[in-house]
Every structure is written in structure tokens, then in C-alpha cells.
Amino acid sequence: MPLPHRGRGSRVAGFRVASTSLPRATAHSPKHAQRLTRRRHSSEQVPPPGPEPQADFRSGKWLQERAGGDARDSRQAARAGMGSRHRICSQEEIVIPCASDNDSGSVDLQLSNLEDIRKDPSSLELTDSDISDIAGLSRDSLTDSFRHLTQKGALSEAVVERLIRSIQEVFDGELQNELEKLAFLQSLSSLSRTLPYDETSESFIHNHIADIVRILNMLVEEEPVHSLFSSVRQEVFVTIADLSYQDVHLLFGSEDRADLFSLITKSIMTLPSVTTLIQLQEIMPSGSYNTECLYRQTFQAFSEMLQSLVVKDPHLENLDTIFKEMDPWLQSANDHERERATASMAQVLKCLSGHLNLKLPLRFQRLGHLVALMALLCGDPVKQVAEEAAEGTHYLLRITLRLKYISYEKKNHPSLRRAMKKCRELLELYSIKRFYSCPFKIAQVFEVFLNSNELCQFVMTTLDSLENLKHPCTQQSAGELLITLVKNAESRFEKVPEIMGVICARLSIISQPRVRRQIINTVSLFISRPKYTDTVISHLLCHPVPYDRHLAEVWRTLEVELPSTTWILWRLLRKLQKCHNAPTQEKMAYVAVAATDALYEVLVGNRLRAATFRLFPQLLMTLLIQIHHSIGLTMSDVAIPSGLYSEQEMSSEVTPLCFAIQATKTLLLRTLCWQEFNIMEKNKGWTLLEGEECHLQGVSLLANALLERNHLLAHKVMYLLVPLLNRGNDKHKLTSAGFFVELLQSPVARRLPSIYSVVRLKDWLHHGNSVFKFLALKGLRYLIKHQEMREGIKSLLPCILDLLCETDEKIVLLAIQILLQLVGTMDFTTLTAMMKTLFSLFGDVRPDVPRFSMTLFGASIKSVKYTDKKAVENQVLDSLVPLLLYSQDENDAVAKESRQVLTICAQFLKWKLPPEVYCKDPWYIRPSEAGAVCKFFGKKMPGES
């Protein structure tokens, strides 16, 4: 059966014949740059050619003269000229269909009249025309160029029946060779044109969609992957386009159709470059086919097929599907694949912009992703890719304006007016050609229209692309693009955690220092904005510690403006402080360890130096408290989030304590507390801090070093601690109290209101924890040196006297030291009560208690007033024998103190003790001295003998 005539007469379009010696056109004059529009399936009459040939705006096109045409018309003419075997192109000439340059939407248009942008934006009434008024965005003078026209004469029923019969035979049989394949495709395409008026063909095609998809899938699979020697691919694309114009979509709606779409896209994208194809033809001649011409027409047919899918796409569903399919190819590492994808996408966007008839709801939810990719491609190092992307971005901007205009319920919404006005102003600033070659300028313009979700898509896409953009220049463009977008739209992001996640993941693959700096600056921009500070910090803290070198670099090299440094450091510090304020848990919160390590990295980087000095008191105390909480813990005692260390094993050397100690050391060094640091080093202060029993000794050592060497910082810490002492759990309070008490030695302490000093210490005297009692007494001992503080401390005498009965030796000794300072001010009742208690301590087994109790007893006797002497005389007499016995104690200090107190007692009683009392030798070796002493006391105290 003869092949049915394909009937391309209804799509008359011009074509030109050009030499094959130049695979791409060269621009004769930049002023007359022409873009490839490739008008397909069009009945529009092409204007006559101009006086001189025009070059394509994108120099990567195969245009050389102005003309309009259709891929199939070109093939028909070529076949007619070549004779047998459906010759596509001869070796001597190439048939090149190209577009009319009557395209007012060209990216090299000059700025249009912008007088209206000087109007008050509040008075602007937005209409559709406002979109085209924006500089460089006037509408193309396009007719319905993709309107499918039937043949001049409708096919007869007999012809339709023959077509159906021939197609059915293929469904039931096999295609043996290329001619049969082409015949099938041409028959199917011819039959598609009868759908508007022939119910039989309509019913047949709709009932055999699955068969058609199956055959097309088979045809494409049978084509060689790495060569192009037949026009079967081209005919497949043409056939799909023909059916698409009749609303028969073979690429959407089911899994097998989607698979066909992926297959045919891959089949064209993965073809070798044109140069390689030509070399293959030289090695393996393919008869009369010109490989270069065949490739270009095949690719043109593919682009035409994609455009046929968006001619009627009011909800942008088809655009969404096309973009998902083209996405990986737009990011391909192979230049020729990326160029093909970009050229295809540019033509899809151009077609869509010329046939935009949007209706709600819009189902294209990836605008930010598409904008980002096109902007990045505008900075591609391959010139052809960049130029293709520039054209695509031009049309994408027009589509975006229209899309946003449609999306607003009120067309004169203030936000829309402001966005339009800003867009005009930005475009007015830039040369149009320079604008479309500069990704960050593109970001500036698109940003004003993108919503928060689209902005996040933009950022995420830019970050994701860094893995694929291997060329340093392109990576740099991506970094600049990212910074521009975040700066301009910093307040409109909603998915900051996801953005931070991508940044942290991508840092490890970016080696270029400048690009790394831009990525980290993006983090800096987000973290410096109060709206996002906590969010960014929280995300950065959800990583394994110690931080790897990439995350450590982020913390160390944060670049923020001076007013923001304190805010950032404070919010990071608060993450740690909140862990200390919480009730004691079975395990330490992981955030506490992560925040401590983050503080260390920030301090090492020293980029927040001013804030570090300003927040020194808070930083120091928080880190000391963290040390106290970390004593004795390992990472197994930390509540580590599930899966955080799934790919690595935690070293046993890594402990919460090591992070806290190194952060504290770094803090002292960064704040120039070198002398304090040296004191801690020389006196093993860090070891003391790390001990459970001696932690407060380390705290006291550091507090005294700070008070001695840097009293200004010490005073700042003291004032900070005033409200801090009542917060947090016991470890929090103990560390704070230990530091605070040492600072009470400062003369500045006398300025503190009694409620923050004496009254607070009084509360600690009644605390159930003996450590607080000890610290209270230590603080009172320091305060009592200030004369104006003594009156308030006197009111605490009953509490202090009660502490003489404590089992803790340190508490008893401190109480005695304080009472020694106050004994002269005691009333008679208090004094006698204290003397009774002290008398009971003479025989205490604790080494120092007897000696100091005797000292205080002697001081008490001295302070007795003359009028009260008779009342205490019996107490003094009762103490003589015990004191006499302790004068022979094996502890020389106790024996010496006993003899001194005996002298005081004798003076009180107006006695003169015999010299034998002061004999240091044991009485058992000097019985005569012992007898003299006994004889003396026997006479003086007859009732006691």
C-alpha cells in the first residue's frame, strides 16, 4: 500500500538553504540579533526576508537567514529534492527552518516608555497592560501560531479507513524496517488531523492510546543510543505533537505515558554532541543522510513537541510535568546535554508566554525552583547555554508577572503594586542584555514577586546546584545569587531549617574559598536576623560533636554587623542556660553539650569579640556551671538524639567536661585574662574544677584571681550574680554562690543592699545543704570586715551559734572565726550561752576544733563586763581543770592554746599561776612539777579537790 500523503500544505512556511560549512550562524551585527523562535504548526504567513541576513541572538543556533518554517515542511522539501529513501538532507545543502524576527519580546529591546512609573504607586491602577509596560517585557506580536489547521480538503472516508487499517496492522504485527516505521508514524499523524470531524478516527485513537504508547516506546528503544542515522526519532516527536494539538496527550495521565516521556527525553538529551555525531558519520557513513542536519531537525521536532504541550495549559499542569522531566538535564554536568535542555526549556517558556491563558487554581508549584535554575544558567560558562537561558529567563519573567497578577484576588492589591513598581525600577537601572547575563540581578527582580515558599525553593535549588556546578565561575555565580536573594528577601523565608540543612550538607563538597565564604555568609545573614536567630542556632546545634571542620568553620567565621553580635552570642548562651535552669534529669540534654562546643568554636574564631567582652560575666558563669554539671559524665550520660551518630562511633576521650573546660580556657584567653589563666595553670585550678569534691575550690581560685588581677570584670560578675543566685538547680546555685562569696572580699560589696548580701547569706545558713552553710559563713567572714555591715550580721548570732554544733568541721571553724569578730559586741546572755557550747568542744575529736574553741572561750572571758564577772565566775572555774589537762595534750598547738587560756582565766580570777603550769615537759617525767600544780589548785579550789 503506498504511503499516505502527509499533507503539509496547510502549514506553508518559508525555509532557506544554507551552506553546511558553518554549523552555527555568526552575528553580522549585534544590533540585528535575531532569536530562534522556530514557528511550528503555524499557518501564519512569514514576512519577506530583510535586506541582510540576521544572526540568532543566541549564537548557538543554526540560523543564518531570516525565514519562517516548519520542521515537516523542511523535511518534505528536502525529500522532494533528494528523491529516494526519504532523504532528509544532502551532503551539499542543509534545509534550515527558522523564525521570523518580528519578535518584539527580544531580550535586546531597549527600555520602553516608563513615564508612568513616576506616578504615586498608591494611585496606580494595574491592568494587563501594566505587565507589558515593564521595561523589556512588551508582548510579542504573536498570533495563534500553534493553531492546528486541517488540510485544505478533508480526507475521504476511504482514506481514513485505509489509515486505520494500516495502523491496526502495526498493533497486531511488527515493524520490520525504517520505512515501515516511518509509514506508521506518518499514517498516525495524518489520522490525527481528522479528529475534529471524523468520529471513527477519534474513537479509534482514543481506544488505542495504550497501543500507540507501546509502539512509540518500542520505536524509541530500538533507536541507537549513541548515534543518529535515521529520522524515526524525529517522526515520533512530530507525531506526538500532532496528537497533542488535538488534545490527545501521549505523555501525561498514566505511568506508561510518563515512562514514554522520560524515554524520549533521554533519547534526545543523551545523544553525543554534534561534533561527535559528525565524526561518527565519517567513520560509519550513513548513505545520503547529513547527520548534522538530521540532528538539528530532530532536536527542533523535540522542542516543537514540548511546545505543543503548553499551548493549552491554563493551570500550568503540563509545564510542571515538563519541568520535572527537564530538571536533571538542566543541571547536567555535560555541556551539550545542558545546552539542549536549556534551549528546549527556553522555547517552552516562549511558547507559553505567547499563549498564556491562566485559570485558577494554578498547579505549577515549582516557580522558585525554575527561576533559580534559569538564573544560574544565565551565568553558565558555556556561552550557548547562557544565551539560551537568557532568552528563557526573559519569557519566564513575563509569565511570572502574569501569574502573580492572576493570583491576587484584588488586582490593585498594595503588595502587587509595590512589587510591580520595584520591578520597573530595577529593570530601568540595568541594560537589558547585561541584566539577563547577571544571575544576582535576575534574583533581585524575581525576588519581589516570589512568595515565601518560592523563595525557599530558590535558595534550596541554588544550594543543591552547587553539587552539580563544577565550574568555579558557575559556583561563584550561585554563591552571589544566594547572597543577593537572602539579603533582599530575608524576612520572607519560612523554611529556614531546611535551608540550613542543605547548607550544612553542601559545605563539604564546596572547595572554592570564595564560594565557601558566600555560603557561610548566607548563614550569617539568617542568624543575624532576630526572626531566624533561634531557628538557625537550633539547627546548627543538631549536629554531632565535636563539630567537623565544615561546621566549625561556620561557627568560627560568622560575619555579622556589630549590633547583631551580642544578640547572636546571647541567644546561643541562652540555649545552654535553659538546660541549667531545667530540673535535674537522668541524662544531660544534648543541646547543652552542643552549645558548649559551639561557644568554644565561636570564641576560637573571635569574630564576635566585642560581644564576648560585653557578655563576659554571663559566659564565664554559664561555662563554670556547665563544668559542674559535666563532672563525671561521659557521652553515654547525654541524651543524644536518635541516629545522630549512626555513621560514626563516639570516642571515649570526648566528654561533656572536656568541651566545657576548653571553652572556659578559650574565654579567658580571648578576653585578655592571661594572668588569671596562668594562676589557674600554676595552681592546678583546672584539675580542681574537674573534681566532684574540689570543684568549689577551683571556682574560688578563679574568682580570687579575677578579683586580684581584673577587679572591673570581677565587679561585673558580682552584679550579674545578684539575680543569678536564686536560679537553676543546686549545681547551678552552688557554683554561682561559690564565685559570689569570694567577690564579697571586694570593697564594692559594701554597696550591695543587705537583701542581696546579709539576708541572702542568712537564708543559706538555714539551707539543708551543708555546703550552702559553709559558703554563707565564708561570705559573712568577708563582710564582717566592713564596719557598716556588722550590725546586720549581729542579728545572725543565734544562727551562727547553732552552727557550733554542726558535724562539719569547716562549718564549726568558720563560725568560731566569725564569733571572734563579734564577741566584744555580744550581750551577757548570748555570751554565757556561747561559753557553755565552747566548753563542750574542748574535748572534740576533730583536730582544730578544741584549739579554736579554747581561743574563742578565752576571748569571751576577756569581753565579760565588770558587772557580769560574778555571774560567769563559776563557768571560768569549771573550765580550769579541763584546760589544765589539755595543757599536757600531745598536740602542741592545743597544749599551747590551753596554757594561754589558763592565763586569761587566772587574770579574770586575779590569780597568779605557779610557773610549773607552763612546763612543756610531760608531768609523768616531772612529778615534782605536777605536785606543785595540784597543790596550788587544791588550795584555790577546795571544793573541787
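As annotated in an unreviewed UniProt entry, the chain carries the name Maestro heat like repeat family member 8 and comes from Neovison vison.

(A) Broad picture of the overall build of the chain. Across its full length, the chain carries 43 helices and four strands. Looking at the chain residue by residue over its 945 residues, the buried ones come to 57%. Sequence-distant contacts, at least 24 apart, represent 77% of the contacts inside the chain between residues at least 6 apart.

(B) Examining helix α7 (residues 232-245) more closely. Here α7 contains 14 residues, and its C-alpha end-to-end distance of 20 Å stays within 8% of the 20 Å for a straight helix at 1.5 Å per residue. Backbone geometry just after α7 places aspartate 247 at a positive phi near 65°.

(C) Highlighting unusual backbone geometry. In this chain, leucine 360 is followed by proline 361 through a cis amide linkage whose omega measures 0°. If you trace the backbone, proline 361 turns up in the loop between α12 (335-354) and α13 (367-378). Note the cis peptide between valine 545 and proline 546, where omega equals -5°. Note on placement: proline 546 falls in the loop between α22 (530-540) and α23 (549-556). A positive phi angle is found at leucine 316, which is not glycine, with a value near 65°. Checked against the element boundaries, leucine 316 lands in the loop between α10 (291-308) and α11 (317-330). Unlike most non-glycine residues, leucine 672 shows phi in positive territory, near 65°. Given the relative accessible area of 42%, leucine 672 is considered partly exposed.

(D) Focus on the nonpolar core. With 285 residues, the main nonpolar core has Phe184, Met305, Phe493, Trp555, Phe739, Met834 and Phe937 as its most contacted residues. A total of 11 residues in this core trace back to one element, the largest contributor, which is helix α14 (residues 383-407). Contacts of phenylalanine 184, omitting those with residues within four sequence positions, involve Ile167, Val170, Phe171, Leu175, Ile215 and Leu219.

(E) Structural context of the environment of glutamine 279. Note that glutamine 279 resides in helix α9 (residues 274-283). Sequence separation between glutamine 279 and threonine 291 is 12 residues, and the spatial gap between their C-alpha atoms is 9.6 Å.

(F) Looking closely at the packing of helix α32 (residues 711-724) against helix α33 (residues 730-743). Relative orientation of the contacting elements α32 and α33 amounts to 135°, with a least axis distance of 10 Å. In this view, α32 runs oblique relative to α33, as classed from their interaxial angle. Judged by the twist between their axes, the crossing of α32 over α33 is left-handed. Taking contact as the criterion, the partners of Ala714, Val717, Met718, Leu721, Val722 and Leu724 in α32 are, on α33, His732, Ser736, Phe739, Phe740 and Leu743. The residue inventory of the contact of α32 with α33, partitioned by class, reads nine nonpolar, two polar and no charged.

(G) Broad picture of the confidence of the model for the chain. Mean pLDDT over the chain: 78, with 79% of residues reaching 70 or higher. Counting contacts from residues 1-125, a segment whose pLDDT is below 50, to residues more than four positions away or on other chains yields 338 contacts.

(H) Main features of the side chain of threonine 735. Relative to the helices and strands, threonine 735 is located in helix α33. What makes threonine 735 buried here is its relative accessible area of 0%. Beyond its immediate sequence surroundings of up to four residues, threonine 735 is in contact with Met621, Leu624, Ile625, His628, His695, Leu696 and Val699.

(I) How the structure looks around the pattern of salt bridges. All told, the structure shown has 22 salt bridges when counted by the stated rule. Note that arginine 851 is salt-bridged to aspartate 848, the shortest N-O span being 3.9 Å. Accessibility expressed as a relative area gives 31% for aspartate 848, which makes it partly exposed. Sharing partners across several salt bridges, the network here consists of Asp335, Arg338 and Asp380.

(J) Structural detail: the packing of α22 against helix α24 (residues 562-581). α24 packs onto α22 with a crossing angle of 45° between their chain directions and a minimal axis gap of 10 Å. Relative to α24, the element α22 lies oblique. The two elements α22 and α24 meet at a crossing, and its hand is right-handed. Of the residues in α24, those touching α22 at Pro530, Thr533, Asp534, Ile537 and Ser538 are Trp567, Ile568, Arg571, Leu572 and Lys575.

(K) Here's a closer look at helix α6 (residues 209-222). When the terminal C-alpha atoms of α6 are compared, their 20 Å separation across 14 residues agrees well with the 20 Å that a helix rising 1.5 Å per residue should span. Elements that come into contact with the buried residues of α6 comprise α3 (157-172), α4 (178-192), α5 (199-207), α7 and α8 (255-269).

(L) Spatial organisation of the packing of aromatic side chains. Tallied over the full model, the rule gives 13 aromatic pairs. Ring centres of phenylalanine 323 and phenylalanine 364 lie 6.4 Å apart, and the angle between their planes is 70°; on these two criteria the pair is classed as edge-to-face. Residue phenylalanine 323 is found in helix α11, and its partner phenylalanine 364 is found in the loop between α12 and α13; the two are separated by 41 residues along the sequence. Overall, phenylalanine 323 belongs to the buried group, its relative accessible area being 0%. The class of phenylalanine 364 is buried, set by a relative accessible area of 6%.

(M) Region of interest: the environment of leucine 831. Mapping leucine 831 onto the fold places it in helix α39 (residues 828-840). Exposure remark for leucine 831: the relative accessible area of 3% places this residue in the buried category. Residues leucine 831 and phenylalanine 857, spaced 26 residues apart in sequence, show a C-alpha to C-alpha distance of 9.6 Å. In contact with leucine 831, not counting residues within four places along its chain, are Val823, Met826, Ser860, Ser863 and Val864.

(N) Structural view of a nonpolar patch on the surface. Together, Leu669, Leu672 and Trp674 give the surface a local cluster of nonpolar side chains, amounting to about 300 Å² of exposed area. Tracing the chain through its elements places leucine 669 in helix α28 (residues 656-670). With a relative accessible area of 37%, leucine 669 lands in the partly exposed category.

What counts and how
Residues numbered from 1 in each chain as written. Predicted model: local features only at pLDDT ≥ 70, side-chain atom pairs only at ≥ 80, totals over all residues. Heavy atoms only, no water. Helix = DSSP H or I, 4+ residues; strand = E, 2+ residues; numbered from the N terminus. Buried < 20%, exposed > 50% of the residue type's maximum accessible area, 1.4 Å probe, protein only. Contact = heavy atoms within 4.5 Å. Expected span 1.5 Å × (residues − 1). Core = buried A, V, L, I, M, F, W, Y, C linked by side-chain atoms within 4.5 Å. Axes fitted to C-alpha atoms, helices over the stretch in contact; angles between N-to-C directions. Parallel < 35°, antiparallel > 145°, perpendicular 65-115°, else oblique. Left-handed = near helix turned anticlockwise from the far one by under 90°. Nonpolar A, V, L, I, M, F, W, Y, C, P; charged D, E, K, R; others polar. pLDDT = per-residue confidence, 0-100. Salt bridge = Lys/Arg side-chain N within 4 Å of Asp/Glu carboxyl O. Phe/Tyr/Trp six-rings, centres within 6.5 Å; stacked < 30°, edge-to-face > 60°. Patch = residues over 30% accessible without salt bridge, like charges linked within 9 Å, V, L, I, M, F, W, Y side chains within 5 Å. Areas by Shrake-Rupley, 256 points an atom, 1.4 Å probe, with all protein chains shown as cover.

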